[in-house]
Structures are given as C-alpha cells and as structure tokens.
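Observations on the three-dimensional arrangement
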Amino acid sequence: GDFSSIYWWIDAPYAVHPDLKSHTGMMMTLGGGCVYGRALRQKINTRSLTEAELVGVNDRMTMALWTKHFLEAQGYQVNDNVIYQDNQSAILLENNGI
C-alpha cells in the first residue's frame, strides 16, 4: 500500500459535558482509507472553542508524530503527515505561534 501520506482530521466541540469539559474527535487515513479513529473527553476545562481545538490538536500530536516515525522505522518513506481542522482561529494560532 501507499503509506507515503498520513492525514489526520481533528475536531473539538466546546463544553459539551456536564462539567463543561470539551470533547475531541479524530480520524487518521493511510493508504486511502480510515485506519484509526478515536473520540475522548478532554482532561482540562477550556475557555473557548478555539482553546478546545488547540487542546484537541495538542493531545493528538504525539500520536501523529509516533505514527510517522513508526512507519519510517518499518522502511516506508513518509512524505506528508498533515493535520486538518476547521477552526480558523486555531489554525492561525498554530501557524503563527501562540
């Protein structure tokens, strides 16, 4: 299979639990199909949707990096390891630094 591109989709609705914690959902595709998905409650309270999105990406960043390094250790060349999300404020902060 083609393992040269890994794509992640991460999203986080804000304060959806009774204790006002947010939730993170993520999906990873590899070789043209979904191979991993997970949804979990965030461990900390956030003050905005933007902050919830940042926490969601931060929580999944370790998995994204680990997957890339694991595939490279197996002999595959990984050209792209891309995270997608839909919150423009979070994207601007991630691209320009916090």
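It should be noted that the structure appears before, not after, this text.
Here is what the cut-offs are and how they apply
- Starting afresh in each chain, residues are numbered from 1 along the sequence in its written order.
- In keeping with the predicted nature of the model, local features appear solely for residues at pLDDT of at least 70, side-chain atom pairs appear and are counted solely at 80 or more, and the whole-chain, interface and lining totals rest on all residues.
- Side-chain numbers come from the whole structure's heavy atoms, not from hydrogens or water.
- Burial classes: relative accessible area under 20% of the type maximum marks a residue as buried, over 50% as exposed, and values in between as partly exposed (1.4 Å probe, protein chains only).
- In these notes, a set of buried Ala, Val, Leu, Ile, Met, Phe, Trp, Tyr and Cys residues joined through side-chain atoms within 4.5 Å is what counts as a nonpolar core.
- Segments assigned H or I by DSSP are reported as helices when at least four residues long, segments assigned E as strands when at least two residues long, and all are numbered from the N terminus.
- Note on contacts: a residue pair is in contact if any heavy atoms of the two residues lie within 4.5 Å.
- The term polar contact refers here to a pair of N or O atoms within 3.5 Å; inside protein, the definition further demands a hydrogen-donor-capable atom paired with an acceptor-capable atom, and it admits residues adjacent in sequence only when both atoms are side-chain atoms.
- Here, a strand pair is defined by DSSP locating no fewer than two bridges between the strands.
- The axes used here are C-alpha line fits, helices contributing only the stretch in contact, and every angle between their N-to-C directions lies in the interval 0 to 180 degrees.
- Expected span, for any helix, means 1.5 Å times one less than how many residues it has.
- The reported bend at a residue is simply the angle between two axes, fitted to the 7 residues ending at it and to the 7 residues beginning with it.
- By the definition adopted for this analysis, an angle is roughly parallel if under 35 degrees, roughly antiparallel if over 145, roughly perpendicular if from 65 to 115, and oblique otherwise.
- Crossings are classed by handedness, with left-handed meaning an anticlockwise turn of the near helix from the far one by less than a right angle and right-handed meaning a clockwise turn.

**Some words on unusual backbone geometry**
- The phi angle at Ala-15 is positive, at roughly 50°, despite the residue not being glycine.
- One non-glycine residue, Leu-20, lies in positive phi territory at about 70°.
- Assessed through its relative accessible area of 51%, Leu-20 is described here as exposed.

**As for the nonpolar core**
- Within the largest apolar cluster, ten residues are counted, these being Ile-6, Trp-8, Ile-10, Met-26, Met-28, Leu-30, Val-57, Ala-64, Leu-71 and Val-78.
- Elements that contribute at least two residues to this core include exactly β1 (5–11), β2 (23–30) and α1 (49–73).
- Among residues more than four places away in sequence, those in contact with Ala-64 are Trp-8, Asn-81 and Ile-83.

**Focus on the side chain of Gln-42**
- On the secondary structure map, Gln-42 appears in the loop between β3 (33–41) and α1.
- Looking at Gln-42, its side chain comes within polar contact range of the side chain of Thr-24, at 2.8 Å.
- If sequence neighbours within four positions are ignored, Gln-42 has contacts with Ala-12, Lys-21, Ser-22, His-23, Thr-24, Ala-52, Val-55, Gly-56 and Asp-59.

**Some remarks on the sheet that holds β3**
- The strand order across the open sheet built from four strands is β3-β2-β1-β4, with neighbouring strands paired in mixed fashion. Strand pairing shows two members of the sheet lacking a second neighbour, β3 and β4 (80–84), which therefore form its edges. For this sheet the average axis-to-axis angle between neighbouring strands, irrespective of direction, equals 15°.
- For β2 and β3, the ladder comprises eight bridges, and the chain directions are antiparallel. Looking at the pairing, Met-27 lines up with Gly-37 of β3.

**Focus on α1**
- End to end, α1 covers 36 Å across 25 residues, agreeing with the expected 36 Å (1.5 Å per residue, within 8%).
- At Arg-60, α1 is deflected by roughly 35°, the largest bend along its length.
- All buried positions along α1 are accounted for by Thr-50, Ala-52, Glu-53, Leu-54, Val-55, Gly-56, Val-57, Arg-60, Ala-64, Thr-67 and Leu-71.
- In the segment just after α1, Gly-75 is the residue with positive phi, at about 100°.

**Observations concerning the pairing of β2**
- The pairing of β1 with β2 spans six bridges and is antiparallel. Opposite Tyr-7, over in β2, you have Thr-29 as the bridge partner.
- Where β2 folds back on β3, the antiparallel hairpin that results is connected by two residues, among which Gly-31 adopts a positive phi of roughly 70°.

**Points about the packing of α1 against helix α2 (residues 88–96)**
- It is at 8 Å that the axes of α1 and α2 come closest, and there the two elements cross at 55°. In this view, α1 runs oblique relative to α2, as classed from their interaxial angle. The handedness of the crossing between α1 and α2 comes out as right-handed. Of α2, the residues touching α1 (which contributes Thr-50, Glu-53, Leu-54 and Val-57) are Ser-89, Ala-90, Leu-93 and Glu-94.

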